[in-house]
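Below, each chain spelled out in residue letters.
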Amino acid sequence: MKKLCLLGATGSIGKNCVDIVKRFPDRFSIVYLSAHKNIEELFALSQAVRPRIAVLSGARVDAFWRSKFKSIGVAVESGEDALAALAGQSDYDLLVNAVVGAAGLAPTLAAIRNQKNVAIANKETLVTAGELVTALSRQNSVRLFPIDSEHSALWQCLVGEDAQNIERLILTASGGPFRQLPAEEFKNVTVEQALRHPNWQMGRKITIDSATLMNKGLEVIEAYWLFDVVLENISVLVHPQSIIHSMIEFCDGSIKAQLGLPDMRLPIQYALSYPERIANDLP
Ligand code: NDP
Ligand code: MG
């Protein structure tokens, strides 16, 4: 039984993670849980998975909600610092960081110092402090398991390979909703159009970042820190179908790719169950 500390449980990645945990109750349990402001959903999730502690990082928990949590036997804490405190708990196996934004950095550092492996969706951790995070991981013999689909694909392609044979990492990009839009029409696009990603259902920030392709820039930085490859050897290829999640080119010219449906539960499940692969009933 792998015990998880899940930060950002009410978000798009967080809910997909809870879905996987519910499919495999004999393999995973969630012992710590967080949301930022959505206390209704934090409570509903707490009722469903019964963590030891639930944290609301972005607002106070009033007396009404405290008594509701008490009635189900779940301790509740609040405040930004509570996230790092949760990641610093001793009795769990894997931190799943599904927080959005730079707020994900402090709990990642706390988990690494606590010698816990981190399944990392929060790319901002690596974009803002990749050098610090990777150095600290090495010092503490901690591993970072990427959840971002492209990086999960690269990780899977690298299994059994010697780093010195890698020529290039090729990140795929769908191109987003405006791939075929003429440049002069960009001034008329709406937020609603930008939020309509053709292939992926994701949180609002990453969906907007995908529409502008900023997300791919962040992912190049993420890959740079995760895989220790010089920046010139990381390239991006537009692949509108989002079936190939990324590829590795080796020095002999051969290319290895990882393929799958665009469903984040696949890379989440890979990171949660690593080094095992487990069967599932996903489409
Ligand atoms: P969402 O916006 O859907 O969810 C964010 C989660 O973080 C929610 O639980 C939210 O709580 C919580 N949160 C929001 N602000 C803060 C804060 N300041 N401090 C602590 N917690 C906070 O985001 P996603 O699930 O889409 O993305 C999460 C991370 O995963 C991002 O780094 C993103 O880039 C990355 N990622 C996401 C993918 C996806 O498919 N969604 C794919 C690849 C990477 P509340 O609900 O209470 O606001
Ligand atoms: Mg991605």
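The following paragraphs examine the structure supplied in this document. (Residues numbered from 1 in each chain as written. Chains lettered and ligands numbered in written order. Predicted model: local features only at pLDDT ≥ 70, side-chain atom pairs only at ≥ 80, totals over all residues. Heavy atoms only, no water.)

### What about the site of ligand 1?
Alright, step 1. Within the structure, ligand 1 sits among 25 residues, and Thr10, His36, Lys37, Asn38 and Glu124 are positioned closest to it.
Alright, step 2. Note that an oxygen atom of ligand 1 is positioned 3.1 Å from one of the backbone N or O atoms of Gly11.
Alright, step 3. A distance of 2.9 Å separates an oxygen atom of ligand 1 from a polar atom in the backbone of Ser12.
Alright, step 4. Within the complex, 85% of the 900 Å² of free accessible area of ligand 1 lies under protein.
Alright, step 5. Of the residues that constitute the shell around ligand 1, the class distribution is 12 nonpolar, nine polar and four charged. (Near = heavy atom within 4 Å. Polar contact = N/O pair within 3.5 Å; in protein donor to acceptor, adjacent residues only side chain to side chain. Areas by Shrake-Rupley, 256 points an atom, 1.4 Å probe, with all protein chains shown as cover. Nonpolar A, V, L, I, M, F, W, Y, C, P; charged D, E, K, R; others polar.)

### Focus on the coordination of the magnesium ion (ligand 2)
Alright, step 1. Each protein donor to the magnesium ion (ligand 2) is listed here as Asp148 (OD), Glu150 (OE) and Glu219 (OE); together their distances run 2.1 Å.
Alright, step 2. Each donor residue of the magnesium ion (ligand 2) lies on the same chain, and together they follow the pattern D-x1-E-x68-E. Each member of the pair, Asp148 as well as Glu150, is classed as buried. (Donors = N, O, S within 2.8 Å, 3.2 Å for Na, K, Ca; no water. Buried < 20%, exposed > 50% of the residue type's maximum accessible area, 1.4 Å probe, protein only.)

### Here's the deal with helix α2 (residues 39–49)
Alright, step 1. Of all the residues in α2, the buried ones are Ile39, Leu42, Phe43, Leu45, Ser46 and Val49. Projected down its long axis, α2 carries its buried residues within an arc of 165°, all on one side.
Alright, step 2. In the core, the buried residues of α2 are packed alongside α1 (12–23), β2 (28–35), β3 (53–56) and α3 (63–71).
Alright, step 3. Phi turns positive one or two residues past the end of α2, at Arg50, with a value near 50°. (Helix = DSSP H or I, 4+ residues; strand = E, 2+ residues; numbered from the N terminus. Arc of directions from axis to C-beta. Contact = heavy atoms within 4.5 Å.)

### Details of the pairing of strand β10 (residues 244–250)
A regular strand places its side chains on the two faces of the sheet in alternate fashion.
Alright, step 1. Burial within β10 is extensive, with six of its seven residues counted as buried.
Alright, step 2. In this sheet, strand β11 (residues 255–259) lies alongside β10 in antiparallel orientation, the contact comprising five bridges. Bridging from a neighbouring strand, Ile248 pairs with Lys256 of β11.
Alright, step 3. Here β10 folds back onto β11, and the loop between the two strands holds four residues, one of which, Gly253, carries a positive phi near 90°. (Pairing = 2+ DSSP bridges.)

### Quick notes on the layout of surface pockets
Alright, step 1. The computed volume of the second largest pocket comes to approximately 570 Å³.
Alright, step 2. If you trace the second largest pocket, you find 18 residues lining it, with Leu158, Trp225, Leu226, Phe227 and Asp228 closest to the centre.
Alright, step 3. When residues of the lining of the second largest pocket are traced back to their parent elements, those giving at least two are α6 (124–139), β7 (144–146), α7 (149–158) and α10 (214–227).
Alright, step 4. Taken together, the residues of the lining of the second largest pocket sort by class into 11 nonpolar, three polar and four charged. (1 Å grid on protein atoms, 1.4 Å probe; cavity = no way out; pocket = protein on both sides within 12 Å on 5 of 7 lines; lining within 4 Å. Points joined across faces, edges and corners; volume = space filled by probe spheres on them.)

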